[in-house]
Amino acid sequence: MEQQQYGQGGARVLVVDDDPTVAEVVTGYLDRAGYVVDRAGDGPDALARAAAHWPDLVVLDLMLPGMDGLEVCRRMRGHGPVPVIMLTARGDEDDRILGLEVGADDYVTKPFSPRELVLRVESVLRRTRPSQPSGLLRAAGLCVDPASRRALKNGAELALTIREFDLLAFFLRHPGRVYSREDLMREVWGWDFGDLSTVTVHVRRLRGKVEDDPGRPRLIQTVWGVGYRFDGSQDASEDVSRAEA
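All figures in this text were calculated on a predicted structure; none of them were measured in a lab. (Residues numbered from 1 in each chain as written. Predicted model: local features only at pLDDT ≥ 70, side-chain atom pairs only at ≥ 80, totals over all residues. Heavy atoms only, no water.)

When you look at the overall build of the protein chain in this model, what are you seeing that I'm missing?
When helices and strands are counted, the protein chain shows 8 helices and 12 strands. Of all 245 residues assigned to the protein chain, the portion counted as buried reaches 51%. Looking at the protein chain alone, contacts between residues at least 24 apart form 57% of all its contacts between residues at least 6 apart. With the model as given, the accessible surface of the protein chain reaches about 11400 Å², and the carbon-plus-sulfur share is 48%. (Helix = DSSP H or I, 4+ residues; strand = E, 2+ residues; numbered from the N terminus. Buried < 20%, exposed > 50% of the residue type's maximum accessible area, 1.4 Å probe, protein only. Contact = heavy atoms within 4.5 Å. Areas by Shrake-Rupley, 256 points an atom, 1.4 Å probe, with all protein chains shown as cover.)

What should I look at first to understand the pattern of salt bridges in this one?
Opposite charge on two side chains permits them to pair, given that their charged atoms come into close proximity. Tallied over the full model, the rule gives 15 salt bridges. With a closest N to O distance of 3.0 Å, Arg150 and Glu157 form a salt bridge. The class of Glu157 is partly exposed, set by a relative accessible area of 49%. Note that Arg186 and Glu187 form a salt bridge whose closest N and O atoms lie 3.8 Å from each other. Residue classification places Glu187 among the partly exposed residues on the basis of a relative accessible area of 36%. Taken together, the shared-partner salt bridges connect Asp17, Asp61 and Lys110 into one network. (Salt bridge = Lys/Arg side-chain N within 4 Å of Asp/Glu carboxyl O.)

What is the right way to read the pairing of strand S8 (residues 150–153) from this model?
Here is the key point about a regular strand: its side chains alternate between the two faces of the sheet. Only one face of S8 is covered, namely the face carrying Ala151 and Lys153; the face carrying Arg150 and Leu152 is uncovered. With 4 bridges joining them, strand S7 (residues 142–145) and S8 adopt antiparallel strand pairing. Of the residues in S8, the one forming a bridge with Leu142 is Lys153. Count of turn residues in the S7/S8 antiparallel hairpin: 4 residues, of which Arg149 carries a positive phi of about 55°. Relative to strand S9 (residues 156–157), S8 is paired through 2 bridges, and the arrangement is antiparallel. The partner of Leu152 across the bridge, within S9, is Glu157. Between S8 and S9, which pair antiparallel in sequence order, lie 2 residues; one of them, Asn154, sits at a positive phi of approximately 50°. (Pairing = 2+ DSSP bridges.)

Quick question: what am I supposed to make of the sheet that holds S7 here?
In a beta sheet, neighbouring strands are held together by backbone hydrogen bonds and run either parallel or antiparallel to one another. If you trace the 4 strands from one edge of the open sheet to the other, you get S6-S7-S8-S9, paired in antiparallel fashion. Whereas interior strands pair on both sides, the edge strands pair on one side only; in this sheet they are strand S6 (137–139) and S9. Across the sheet, helix H6 (residues 162–173) is in contact with S6, S7 and S8; its angle to S7 comes to roughly 110°. (Axes fitted to C-alpha atoms, helices over the stretch in contact; angles between N-to-C directions.)

Help me understand the environment of Val25, please; the structure alone is not making it clear to me.
Here Val25 is to be found in helix H1 (residues 20–32). Placed 89 residues apart in sequence, Val25 and Pro114 show a C-alpha to C-alpha distance of 7.4 Å.

Sorry if this is basic, but what is going on with the nonpolar core here?
Across soluble globular proteins, nonpolar side chains show a tendency to be buried alongside one another. Within the largest apolar cluster, 28 residues are counted, with the highest numbers of intra-cluster contacts made by Leu168, Leu184 and Ile220. Looking at this core, the elements that each hand over two or more residues are S6, S7, H6, helix H7 (181–189), helix H8 (197–210) and strand S12 (227–230). The biggest single contributor to this core is H6, with 7 residues. Core analysis: the second largest hydrophobic core is formed by 21 residues, Ala50, Trp54, Leu64 and Tyr107 among them. (Core = buried A, V, L, I, M, F, W, Y, C linked by side-chain atoms within 4.5 Å.)

It is not clear to me how the packing of aromatic side chains should be interpreted in this structure. Could you clarify?
Two descriptors summarise a pair of aromatic rings, namely the distance from one centre to the other and the angle between the planes of the rings. Under the criterion given, the structure shown has 2 aromatic pairs. Ring geometry for Phe170 versus Tyr179: centroids 4.8 Å apart, planes at 65°, classification edge-to-face. The class for Phe170 is buried, based on a relative accessible area of 9%. Arranged with centres 6.3 Å apart and planes meeting at 15°, the rings of Phe171 and Phe230 form a pair that is stacked. (Phe/Tyr/Trp six-rings, centres within 6.5 Å; stacked < 30°, edge-to-face > 60°.)

Explanation requested: the packing of H6 against H7 in the structure shown.
What describes two packed helices is the angle between their axes and the distance between those same axes. Following both chains from N to C, one finds H6 and H7 inclined at 110°, their axes separated by 10 Å at the closest point. Between H6 and H7, the angle falls in the class roughly perpendicular. Across the interface between the two elements, Arg163, Asp166, Leu167, Phe170 and Phe171 of H6 pack against Leu184, Glu187, Val188 and Trp189 of H7. Its residues assigned to classes, the contact of H6 with H7 comprises 6 nonpolar, no polar and 3 charged. (Parallel < 35°, antiparallel > 145°, perpendicular 65-115°, else oblique. Nonpolar A, V, L, I, M, F, W, Y, C, P; charged D, E, K, R; others polar.)

Whenever I open this one, unusual backbone geometry confuses me. Can you help?
The phi torsion of most residues other than glycine is negative, and most of the peptide bonds are trans. The omega angle of the peptide bond from Lys110 to Pro111 is -5°, so this bond is cis rather than trans. Tracing the sequence through the fold places Pro111 in the loop between strand S5 (106–109) and helix H5 (114–127). Here Ala140, not a glycine, exhibits a phi torsion of approximately 50°, which is positive. For Ala140, a relative accessible area of 22% puts it in the partly exposed group. Although it is not a glycine, Asn154 sits at a positive phi angle of roughly 50°. Inspection of the secondary structure puts Asn154 in the loop between S8 and S9. A relative accessible area of 62% means that Asn154 is categorised as exposed.

Okay, here's the thing in structure tokens:
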């Protein structure tokens, strides 16, 4: 699909919420911020609108009638990569983690500030702009091309979400250094605050795709009480990182 220009006046955002008031307020704020906004009130309508005009980002309510937001996210991701910000009225951490597990890039808990949501949309889109060519990143059978946003393991292409790709590229750029979850939230997500379980879930998902044995990770190691370290050497110690994040 043809790449659109990101930022105000360029990106297309699909807002999916069955609450007309919420959808209208969110649409109004995004429209005033310069985005092209589509609206859908349920899952099938969202999928149809996405097929007609592929969005640059989706603001997706978790609790939709019939087909919930998790299933909508899964089906959209089956057609191509797209950033997703999940809206949830629930405060339970399990619901937030479910959204992150299916590939949501961020989430906002209702009630929320529409201005904060616009800032999060801007942040996610800013992080997904095509990268300037900076050379291939290679380590331990992994090859990441920031320009084309492709990642391979032993020659086979990895199916990574946008955040998983950014996280892997960041690790490959900074091997051997320990980063806390706060560091990764700031450097990869572009936020100085947020739910750190977002980082934990994405590290776990990334391990599932790049590690030979995700239960005994050798590449993305846990440094207890501190954070994570990427070790691209083939003889990385298994003792440091035996448990999951």
